[in-house]
Amino acid sequence: MAQQLDDRRVAHRASRPRHRMLIPAALLIGVLGGATWVLTNNVEEEPAAMLGASDTVDGGIARINGILPLESDDWVPPSNGAALETAVPDGAHRVRVLLELTALEPEGIAFSAADYFVDGLGTGEPHVIWASPSQHIAEQGETINATLVFEIPNKALALVLSDDGEARLSLGTDHHTAGQ
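Below is a summary of the structure that appears in this document. (Residues numbered from 1 in each chain as written. Predicted model: local features only at pLDDT ≥ 70, side-chain atom pairs only at ≥ 80, totals over all residues. Heavy atoms only, no water.)

This paragraph deals with the nonpolar core. Core analysis: the largest hydrophobic core is formed by 25 residues, its most contacted members being Val97, Leu99, Leu101, Phe111, Leu148, Phe150 and Leu161. Elements supplying a minimum of two residues to this core: strand E2 (60-69), strand E3 (92-103), strand E4 (109-112), strand E8 (143-153) and strand E9 (157-162). Those residues in contact with Val97, other than ones at most four positions away along the chain, are Ile64, Gly66, Ile67, Ala146, Thr147, Leu148, Phe150, Leu161 and Leu171. (Core = buried A, V, L, I, M, F, W, Y, C linked by side-chain atoms within 4.5 Å. Buried < 20%, exposed > 50% of the residue type's maximum accessible area, 1.4 Å probe, protein only. Helix = DSSP H or I, 4+ residues; strand = E, 2+ residues; numbered from the N terminus. Contact = heavy atoms within 4.5 Å.)

Pairing is antiparallel in the open sheet, where 5 strands are placed in the order E1-E2-E3-E8-E6. If you trace the sheet from one side to the other, it starts and ends with strand E1 (54-57) and strand E6 (130-132), each paired once. Taking the axes of each pair of neighbouring strands and ignoring which way they run, one obtains an average angle of 25° across the sheet. Pairing geometry for E2 and E3, over 9 bridges, is antiparallel. When the bridges of E3 are listed, Leu68 appears paired with Arg96. (Pairing = 2+ DSSP bridges. Axes fitted to C-alpha atoms, helices over the stretch in contact; angles between N-to-C directions.)

Shown next as structure tokens:
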């Protein structure tokens, strides 16, 4: 019996150094995992071009020429306005964004309204609900004047028109009306 007790003590002592190494190894793995997460997920976005300033897009430049709230605008869509006849949800309003794209490169610009969305705190990335044109290809030297209608939250701040690529154009705050 004494021999069995001695064998257990020896076995227990032999396993202790392994257990002592588990805690520092686990801490090291945790620290390395955290550092990896911070380095890979802490990418800062490019700042948005100020309202009215140009930003580069594939094949040229883009600029917002206006953001007009539909509730205070007499504009009616020239065609296919059924999407705009539905009621606006509480806490939101619709804006008409006047986007100008100019093709500077030989390959031109391929525009698709479906690529654009509004990005910003509390927006949930609203996509275009009406656009004209919805798609267009501009050759070098041509300009596309697009009208995009979005439904955005009343109290959203720092809104940016983005195409999930290079374009990041600030929408400013003038589209919010006093009644909201």
